[in-house]
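Spelled out, the chains give:
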Amino acid sequence: MAISKTKKIKRKSLLYKSGVEYADYCLNHVEGCSHGCRFPCYAMMMKKRCGVIRNYNDWIQPKIVENALELLNEELPKLKNKIKVVHLCFTTDPFMYRQKEISDLTLKIIERLNTDGIRCTILTKGIYPKQLSDTKKFEENNEYGITMVSLKGKFKKELEPGAAPYIQRIKALKYLHDSGLKTWVSMEPYPTPNLIRQDLSEILEQIKFVDKIVFGKLNYNVKTTQFEDNKNFYQECADTVIDFCKHNGIEYHIKFGTQKKDNFKTKKLFTAKSDQSQASLFDLREAIIGI
Ligand code: SF4
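As the structure is a computational prediction, the values presented were derived from the model and not from experiment. (Residues numbered from 1 in each chain as written. Predicted model: local features only at pLDDT ≥ 70, side-chain atom pairs only at ≥ 80, totals over all residues.)

Quick look at the overall build of the protein chain
To keep things clear, this is the line we draw: Strands here are runs of E lasting at least two residues and helices are runs of H or I lasting at least four, both read from the DSSP assignment and numbered beginning at the N terminus. Here the globule rule is a power law, 2.2 Å times the number of residues to the power 0.38, and the radius of gyration is based on C-alpha atoms. Exposure is read from a count of other C-beta atoms within 10 Å of each residue's own; the residue is exposed at 12 or fewer, buried at 20 or more and partly exposed in between. C-beta atoms are placed from the backbone. Any two residues are considered in contact once their C-beta atoms, placed from the backbone, lie within 7 Å.
Across its full length, the protein chain carries 10 helices and 11 strands. The C-alpha radius of gyration computed for the protein chain amounts to 18 Å, which stays within 12% of the reference 19 Å derived for 291 residues, consistent with globular compactness. Taken along the three principal axes of its C-alpha coordinates, the protein chain extends 50 × 45 × 35 Å. In the protein chain, which comprises 291 residues, the proportion classed as buried is 43%. Here the contacts in the protein chain between residues at least 6 apart in sequence split such that 80% fall between residues at least 24 apart.

Have a look at this one:
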């Protein structure tokens, strides 16, 4: 019998309401994240501030919420009529690279939510398992996203050391797209040229097949604020993304605070057309961070 290496914790609740744009509810079934992003990671900063973890080394040793499915089974009968979309995850990564136990649990959670007719938006810097293309088990209306802010391996090694290589992320996402599923890319937090010199259009070309793109600036990074022209830089990037998306028939949203003037209309990007009258209110967190 295989011995599990991933540490375990128990929680008292799992689903929580959120005002952010991806979904009306969220869940985080893991504490910590072995991707260990150094942008820095907002979730890690918060957990440190709350005393949940002591340092970066604690953070990169993920702990599975071992009673996650139990909690879901308890909470869903009470909440399922209220929930439209659940997002996985805001404070960890659901398909953490080379963490099979975590990926397997994530698959079970998505399947459980889909069984009750609840669709999911998912975001990862890992690799999507091919099983997700099985539409008998998983809703075809789920939306599968990856985070992509560069194509350069050296940048990934420094800033996202434990995450999957960019090309592998794209390949796995393309597989889901080719299987007829909805895909999207979060280009956030996009770095300034003093962190990396790169051509945004080259990255966009690689992800041309997706249905939606979310673009956002890098927050909480001293180097970015030191980049004098960062307001103009991010406006130019946003214009490039908007032009590219319009030209290729891709839906888009530019995160608040990235452009000189925010566009509030595109915040409904992840709300089903029938739900748009009930779209959630602007969330302050969305305006100041990006994870
Ligand atoms: S993948 Fe997300 S949760 Fe994990 S370390 Fe990076 S920013 Fe934090």
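What to know about the pairing of strand 9 (residues 182-190)
Rules: Paired strands, as defined in this entry, are two strands with at least two bridges between them according to DSSP. Crossovers are described as right-handed under a simple rule: with the strands pointing away from the observer, the path leading from the first strand over the helix to the second runs clockwise.
Counting buried residues along strand 9, eight of its nine residues qualify, which places the element largely inside the surrounding structure. Note that strand 8 (residues 143-147) and strand 9 share five bridges and pair parallel. Counted as the bridge partner of Glu-143 is Lys-182 from strand 9. Sheet analysis places strand 9 next to strand 10 (residues 212-217), joined by five bridges and oriented parallel. Looking at strand 10, one finds that Tyr-190 is bridged to Lys-217. Following the backbone out of strand 9, through helix 7 (residues 200-206) and into the adjacent parallel strand 10, one traces a crossover that is right-handed.

Things to note about the site of the ligand
As a reminder, the rule being used: By definition, a residue lies near a molecule or strand when the C-beta atom built from its backbone is within 6 Å of it. As a working rule, the residues Ala, Val, Leu, Ile, Met, Phe, Trp, Tyr, Cys and Pro are called nonpolar, Asp, Glu, Lys and Arg charged, and the rest polar, with Gly in that last group.
If you check the shell around the ligand, you find 11 residues, and the closest are Cys-33, His-35, Cys-37, Cys-41 and Asp-93. The class makeup of the residues in the shell around the ligand is six nonpolar, three polar and two charged.

Brief notes about the sheet that holds strand 1 (residues 7-9)
Two modes of strand pairing occur in sheets, parallel and antiparallel, and in both the strands are linked by backbone hydrogen bonds. Pairing in this open sheet of three strands is mixed, and the strands run 1-5-4 from one edge to the other. The open sheet terminates on both sides in strands that have one partner only, identified here as strand 1 and strand 4 (30-31). Where strand 1 meets strand 5 (residues 63-65), three bridges bridge the pair, whose relative direction is parallel. Residue Lys-8 lies in a different strand from strand 5, and its bridge partner there is Ile-64.

Details of the sheet that holds strand 9
With respect to topology, eight strands assemble into an open sheet ordered 2-3-6-7-8-9-10-11, the strand pairing being mixed. The open sheet has two edge strands, strand 2 (16-17) and strand 11 (251-254), and neither has a second partner.

Some details on unusual backbone geometry
Looking along the chain, the bond that leaves Phe-39 and enters Pro-40 is cis, with omega of 20°. Tracing the backbone shows Pro-40 in the loop between strand 4 and helix 1 (42-49). For the peptide bond that leads from Leu-88 to Cys-89, omega is -5°, which places it in the cis range. Checked against the element boundaries, Cys-89 lands in the loop between strand 6 (85-88) and helix 4 (100-115).

Focus on the packing of helix 3 (residues 68-79) against helix 4
Convention followed: Fitted lines through C-alpha atoms give the axes, limited to the stretch in contact for helices. The angle between two N-to-C directions lies from 0 to 180 degrees. Any angle from 65 to 115 degrees is called roughly perpendicular, while one under 35 is roughly parallel, one over 145 is roughly antiparallel, and all others are oblique.
The contact between helix 3 and helix 4 brings their axes to 10 Å, and the two run at 10°. By the criterion of interaxial angle, the relationship of helix 3 to helix 4 is roughly parallel. Taking contact as the criterion, the partners of Ala-68, Leu-69 and Leu-72 in helix 3 are, on helix 4, Leu-105, Lys-108, Ile-109 and Arg-112. Of the residues belonging to the contact of helix 3 with helix 4, the class tally is five nonpolar, no polar and two charged.

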